[in-house]
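Letter by letter, the chains look like this.
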Number of protein chains: 2
Amino acid sequence: MENFSFYSPTEFVFGKGTENSCGEYVKKYGGSKVLIHYGSGSAVKSGLLARVKDSLNKCGIPYVELGGVKPNPRDTLIYEGIKLCRDEKVDFILSVGGGSCIDSSKGIALGVPYDGDFWDFYSTDKEVKEALPIGTVLTIAAAGSEGSGGSVVTKEDGMLKRDAGSDLLRPRFSILNPLLTCTLPAYQTACGATDIMAHVFERYFTNTKEVEITDRLCEAVLLTMVKETPRVIADPNNYEARANIMWAGTVAHNDIVGVGRSQDWNSHGIEHELSGLYDCAHGAGLAVIMPAWMEFVYKHDVMRFAQMAVRVWGCEMNFENPEETALKGIACFRKFLHEIGMPINFSELGAKEEDIPVLVEKFGLGDGKTGGFVALSSEDVAKIYGIAAKATL
Amino acid sequence: MENFSFYSPTEFVFGKGTENSCGEYVKKYGGSKVLIHYGSGSAVKSGLLARVKDSLNKCGIPYVELGGVKPNPRDTLIYEGIKLCRDEKVDFILSVGGGSCIDSSKGIALGVPYDGDFWDFYSTDKEVKEALPIGTVLTIAAAGSEGSGGSVVTKEDGMLKRDAGSDLLRPRFSILNPLLTCTLPAYQTACGATDIMAHVFERYFTNTKEVEITDRLCEAVLLTMVKETPRVIADPNNYEARANIMWAGTVAHNDIVGVGRSQDWNSHGIEHELSGLYDCAHGAGLAVIMPAWMEFVYKHDVMRFAQMAVRVWGCEMNFENPEETALKGIACFRKFLHEIGMPINFSELGAKEEDIPVLVEKFGLGDGKTGGFVALSSEDVAKIYGIAAKATL
C-alpha cells in the first residue's frame, strides 16, 4: 500500500426531509449571506428551491440567487457568480442541484477571493489557497462532487473541459435526500449510475499490489450498483434502491475506495472530449468509452480483470483460460450498460467516427503519455475512440 | 435506509515514516502546548516517543508528558491528566499508543474544560459540549478510536467499564504507520483483529432492510480481515498485510460501514463486563462472547446469518436448509478465531463459569432489555455467558 492522506471532513446529512434543515447547517458552518446556485427550472418547479429558501428565512439568513447552470457547467456563468458574490458580499455558497451545479459553485468559491482569472486553477496546476465555504443540496446521484474536492468546468470558447481540485473545495455539508432523485428521467438516472461505477473503476484498475481493503471496498460499491440500478430503472420511486445508489455515489468519489494505490483516470479524460465536443451527458460518454478502454488495456493485467469478472459480475473463473473470464467481465459491463439504457457506441451517443482526429487533438497529449494503470499515447487514445465507435453487444 | 448523519472529519495520515510529521499536524490543527499521553514503556523503548518529541521540537511546540496508560484505561490516570493539563495550560493532546491510550486522552480532553467530575460523561448520558483537540499516533490496529468519537474507560473502584461519545472527541488527525504494529506480539495482533471484526459485526446484524451498500462495505472489511489476519500471524513483518489491517480497523469504526441502519452492540456490552472483571484483553473477551451471542440470536434472522456464511466465510448456501448454512458461518468464525490464537471459551480466557451471576449483575440490566438487533434480558445475557463458558470447536 502506498502512503496516503485521507481527509473527508464534509458532514453528510442523509434521508427524507433533510433539505428542510439546510438553513441550520449554513448557520452551523458560519454562513451569514448566501448565494443559492442552481440549474434549470426543475428545482423551482418541484418546490425544492422554495423549501430551501424557507429554511434560510427561518434561520434569518439573507440570500441572493443565481440559476442557469447547464450540464457541463460553463465558465461564463461562473464569472457572473463571482461578480455577484463580490457585489453582494456573499460568504457562503449553497448549491441546489447535481454535480454540474456543485462544480460551478466550486468555481465561484475559488474565484471570489482570487485576484486573477479563476480559469487559472483549471487550465494550470495552480494551487487553491482560499475559497468560500460551500454547502450542497444534492438532486442527482452521479458526480460525487458533494463529497469531493474536485470540480470540472467547460470553457465555452472552444468547449474545453478541465478540472481543478483542493481540499478547500470539499463541501462543509452535503444534504442527500434520495426522494429528490425519484423524479429524474430514467436516462439521467442511468447516466448517474454509470458515472458512479466509472469513479470506482478508475480506482480499481491499479498497479499497486496487495490493496485488498480498497479492492473490496471498490467491489462493495460496484455490487451495490449492479443490484440497485436496474431496480430504479424499473421503478423510479423505489426509495430504498434510490437511497443505496445515492450513498454509493458519495462513497465512490470521496476517495475512501481509492486511497493507498495508483489510479488511472484515462477513461474520464478520454470521455471529457466527447461531452465537451458534443455536449452529451458525461455518464453516457463514459458508457461508450469505459468498456472500450477496458478492452484496449486488459492484457496489461488479465488477472485483475478476471477478478472484476468473478467478484463484481459473478462470472465463473476459467482457470485454464483467465483471459476468457476477463473478457467476459468486460462484456457483462457493456451488456449491463445497454440494459439500463445507456449508449454503447458512437452512433448511439450521437458522436461521429470521423471526428476522432479532432477528439485526439483536443485531448492534447501530443507526443506524451498519460494514465496511472496503462500509460497511453495519442495513438492509443485514437484506438480506444475507434473501439468505442464501433462497439456492439 | 434510515435517515442518518455521517461526519468523519479526522485527517488520516497513513504510511511509513508518517509519525515524523506529527509536529506539523499539531501546528496545523492549532496546538501550541501539548500533552503527550502514552502507555507502557514500549513507545519509549522502540524510539517512537523520541521521534514524536523530535518532531514537536522541530516545530517549536512545547510539551509535557504523561505515560502509564493501561489496557482498559483507568479513571485514576485521567484525573491526573486533567490536573496536569490545567496546571500546564495544555491546549492539545497527542496520544501515542493504541485504543486505550486514545480513549484515556479523550477522557482528559473532555474533562479539562468541564467543571464537574469527568466521569459524569461516562456514567450518564450527559452531552459533551467542549473538549480539547486530540491527535493520535496509532500503534495497534484494533479499537478504531483513532477515527471515532467514542471512548471507553474503566473506573478503578469496582472495575466498572463505561463509555462516552461525541463528535467533539473525534481526533483532528490520526497518524497510522503500519510499521509501528510489526513489533506487536501475535496475541495482541489477534486481539486487535478480533475487535475490528466485532466492530463490523455489531453493525452488520441489523433489522433495517435493504441496506445493500453498508452490507457490502461491512463484508469488504470482514473479507479483508479473513484474508490478512492469518498472514500477519504467520509473518509479523508482512507490511502489506499490516497496512490492510490497519486501514480496515479505521474503516470498521468511523461508522462508514454502519450508517442508515440499526446496530446491535450487545456483544461489546456483554464483553465489557469480562474485561472489567478479569482485566483481560477486550479482543480476547469478544472472541469468546461474539460467536456465543451469534448462536443465541441467529434464529431471529436466519437468512442474514446465511448471508454472512456465504459472503464472508465462503460457505455453500444450503437452499433446502438455510439454518445449516447460518450455523456453519458461525462455526467458521469461531474456528478462525481459534486459528489466529484467540480463546474461544471461559477457561481459555481465564474466566469462571461460577462468576456468571456477578457478570450479569454488573451488566446492570435489571428487569430491562437492551440491543438493536435482538433485545436481550438479564436472563438472555446469562445464557450467552453460559454458551461462551462451555464453547468448543
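Residues numbered from 1 in each chain as written. Chains lettered and ligands numbered in written order. Predicted model: local features only at pLDDT ≥ 70, side-chain atom pairs only at ≥ 80, totals over all residues.

1. Comments concerning the relation of the copies chain A and chain B
(1) Moving on: Take chain A, turn it by 180 degrees, move it 0.0 Å along the axis, and it overlays chain B with an RMSD of 0.0 Å. Such values leave the two copies arranged in the relation of a two-fold axis. Residue Pro9 of chain A, judged by its C-alpha, is the member of chain A lying nearest the rotation axis, at 1.8 Å.
(2) Moving on: Interface residue correspondence from chain A to chain B reaches 100%, placing this contact among same-surface, isologous pairings. (Least-squares fit on C-alpha atoms with pLDDT ≥ 70 in both. Contact = placed C-beta atoms within 7 Å.)

2. Examining the domain arrangement of chain A
Residues and elements named next belong to chain A.
(1) Moving on: Under the domain assignment, chain A is made up of domain 1 (11-180) and domain 2 (186-390).
(2) Moving on: Between the C-alpha centres of domain 1 and domain 2 there is a distance of 27 Å.
(3) Moving on: Listed by contribution, the elements that provide at least two residues to the side of domain 1 that touches domain 2 are strand E1 (4-14) and strand E7 (160-165).
(4) Moving on: In terms of residue class, the side of domain 1 that touches domain 2 is built from 12 nonpolar, 5 polar and 2 charged. (Domains from an automatic or database assignment. Helix = DSSP H or I, 4+ residues; strand = E, 2+ residues; numbered from the N terminus. Nonpolar A, V, L, I, M, F, W, Y, C, P; charged D, E, K, R; others polar.)

3. Some remarks on the interface of chain A and chain B
(1) Moving on: Between chain A and chain B, the residue contacts involve 35 residues of the former and 35 residues of the latter.
(2) Moving on: When residues of the side of chain A that touches chain B are traced back to their parent elements, those giving at least two are E1, helix H8 (212-234) and helix H9 (239-251) of chain A.
(3) Moving on: Of the residues that constitute the side of chain A that touches chain B, the class distribution is 17 nonpolar, 8 polar and 10 charged.
(4) Moving on: Pairing geometry for E1 of chain A and strand E1 (residues 4-14) of chain B, over 9 bridges, is antiparallel. (Pairing = 2+ DSSP bridges.)

4. Some remarks on the nonpolar core
(1) Moving on: Counting residues in each nonpolar core, the largest one holds 260 residues, and the members touching the most others are Val96, Val221 and Ile289 of chain A together with Val96, Val221 and Ile289 of chain B.
(2) Moving on: In this structure Val96 of chain A touches Ile36, Tyr38, Ala43, Leu48, Leu49, Val52, Cys101 and Val137 of chain A, once residues within four positions along its chain are discounted. (Core = buried A, V, L, I, M, F, W, Y, C linked by C-beta atoms within 7 Å. Buried ≥ 20, exposed ≤ 12 C-beta atoms within 10 Å, placed from the backbone.)

5. Describing the environment of Thr136 of chain A
All names here are of chain A.
(1) Moving on: One can find Thr136 in strand E5 (residues 134-138).
(2) Moving on: Residue classification places Thr136 among the buried positions, given that 29 C-beta atoms sit within 10 Å.
(3) Moving on: Dropping the residues within four chain positions of it, Thr136 is found in contact with Ser95, Ile102, Glu146, Pro171, Ser174 and Ile175.

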